[in-house]
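The residues making up each chain are set out below.
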Amino acid sequence: MSLLSAAIQRINPSPTIAITNKAATLKAEGRDVIGLAAGEPDFDTPDFVKEAAIAAIRAGKTKYTAVDGTPELKAAIQAKFKRDNNLDYGLDQITVNAGGKHTIFNALLATLDAGDEVIIPAPYWVSYPDIVQLAGATPVILPCGIDQGFKLLPAQLDAAITPKTKWLIFNSPSNPTGAAYTRAELAALGEVLLRHPHVLVMSDDMYEHIVYDDFDFGTLAEVTPGLFDRTLTVNGASKAYAMTGWRIGFAGGPAWLIKAISKLQSQSTSNPCSISMAATVAALNGDQSFLKERNAAFQRRRDLVVRMLNDTPGLICPRPEGAFYVYPDCAGLIGKCTPSGATLATDEDVAGYFLESQGVAVVHGAAFGGSPAFRISYATADSVLEDACRRIQKAVAALS
Ligand code: PLP
């Protein structure tokens, strides 16, 4: 008999964290490795945010706070939702948690029972299915391939909804594909959801601020106001403000759900870090102009990587609207033979070959439920990306 719970045995460690760690280990052993697996901006947290954290420490904001966030941060989040998304949340409709992952974890654990179904379009962010399974519910994965721009189609959603469907988990711009839905595409999905009033909607807007070519970001509760009462709009400090280590996520949603999240949090982590919350107040209320500057750099890198990968025979790389990932299709490499005589049968083999032969760490598509492909995070310097793409080209050229 195992000492481990059935619940913990239902889930896997995060593959993106595992590959990032493997690349770091190889690097520490002296190998020349370029890590393109980590999902975080290479930019530093803005100085004015750091200063606010230092001031908070000096002012003694170092004690327990309200479980679901300080009043100052909840007010800043309320203003953010109004400013950016035209959403009116009361303070009892806002929760603050230890990272966006924690927000999602809390919401799913607070609502799911065995037998419940959760619709997850694939390719998906790695943690969604595992959190659903930890809660004892069933992920219903809907394949959204390169042929449909990695986007969920309204008819596909409609066909997947059953009386057991508890949630749709929706993510735009997407990790891992960078695909973002237009307002018209959101409205078409919203129309389907309006016909199924028992379905809760989780809109994971983590990459809201990282969009290109003047893309007009919208979120489901805004585009389809009839969904407001059953939508959890998830966001956080990690990606836009380059604050991954500070661990602040937040959400707006129905008061009953926000209250349940707070109850769960009161018996687990208690409040998020008081200093990180003070820093996030500064981030949300401060000058947002740096976002534009950083996006310009991300956009340049996206264009560089898309061009170089599309110049590589066997790879097809769509140009994403947002986030800092590309998701090239590598069907053209499957079945090819490496110089050492191994056959590349899966995208995991392809990613392993890139790492072993050229020291480039990418994440295989199977980790995101979308094969054969791999994810590159281009949140790193242009020169490093150019080097990495050249190495990938070299690895591909050596295949027969
Ligand atoms: N949602 C998506 C789509 C993500 O990519 C991530 C982080 O990688 C998160 C949520 C969680 O972010 P955090 O680092 O704040 O937990």
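Higher on the page you've got the structure.
Residues numbered from 1 in each chain as written. Predicted model: local features only at pLDDT ≥ 70, side-chain atom pairs only at ≥ 80, totals over all residues. Heavy atoms only, no water.

Honestly, the pattern of salt bridges in this entry has me stumped. Any pointers?
A side chain with one charge can pair with a side chain of the opposite charge if their charged atoms come near. One pass over the full model with this rule turns up 21 salt bridges. Between Lys 166 and Asp 116 there is a salt bridge, with the nearest N and O atoms lying 3.4 Å from each other. Highlighted residues: Lys 166 in strand E5 (residues 165-171) and Asp 116 in the loop between helix H5 (100-111) and strand E3 (117-122), separated in sequence by 50 residues. You can call Lys 166 partly exposed: its relative accessible area is 24%. The shortest N-O distance in the salt bridge between Glu 222 and Arg 183 comes to 3.4 Å. Within this pair, whereas Glu 222 is found in helix H9 (residues 220-223), its partner Arg 183 is found in helix H8 (residues 183-194), the two being separated by 39 residues in sequence. Residue class for Arg 183 comes out partly exposed when judged on its relative accessible area of 30%. Among the charged side chains, a network of salt bridges with common partners joins Asp 42, Arg 300, Arg 301 and Asp 382. (Salt bridge = Lys/Arg side-chain N within 4 Å of Asp/Glu carboxyl O. Helix = DSSP H or I, 4+ residues; strand = E, 2+ residues; numbered from the N terminus. Buried < 20%, exposed > 50% of the residue type's maximum accessible area, 1.4 Å probe, protein only.)

Would you explain H8 in this entry?
Side chains that are three or four residues apart share a direction in an α-helix, a result of its 3.6 residues per turn. Compared with the 16 Å implied by 1.5 Å per residue over 12 residues, the 16 Å span of H8 between its first and last C-alpha is a close match. Every buried residue belonging to H8 is among Leu 186, Leu 189, Gly 190, Val 192 and Leu 193, and all of these are buried. When H8 is viewed along its axis, its buried side chains cluster within an angular range of 155 degrees and face the same direction. In H8, those exposed residues whose orientation departs by more than 90 degrees from the buried face are Ala 184 and Glu 191. In the core, the buried residues of H8 are packed alongside helix H7 (154-160), E5, strand E6 (200-204) and H9. (Expected span 1.5 Å × (residues − 1). Arc of directions from axis to C-beta. Contact = heavy atoms within 4.5 Å.)

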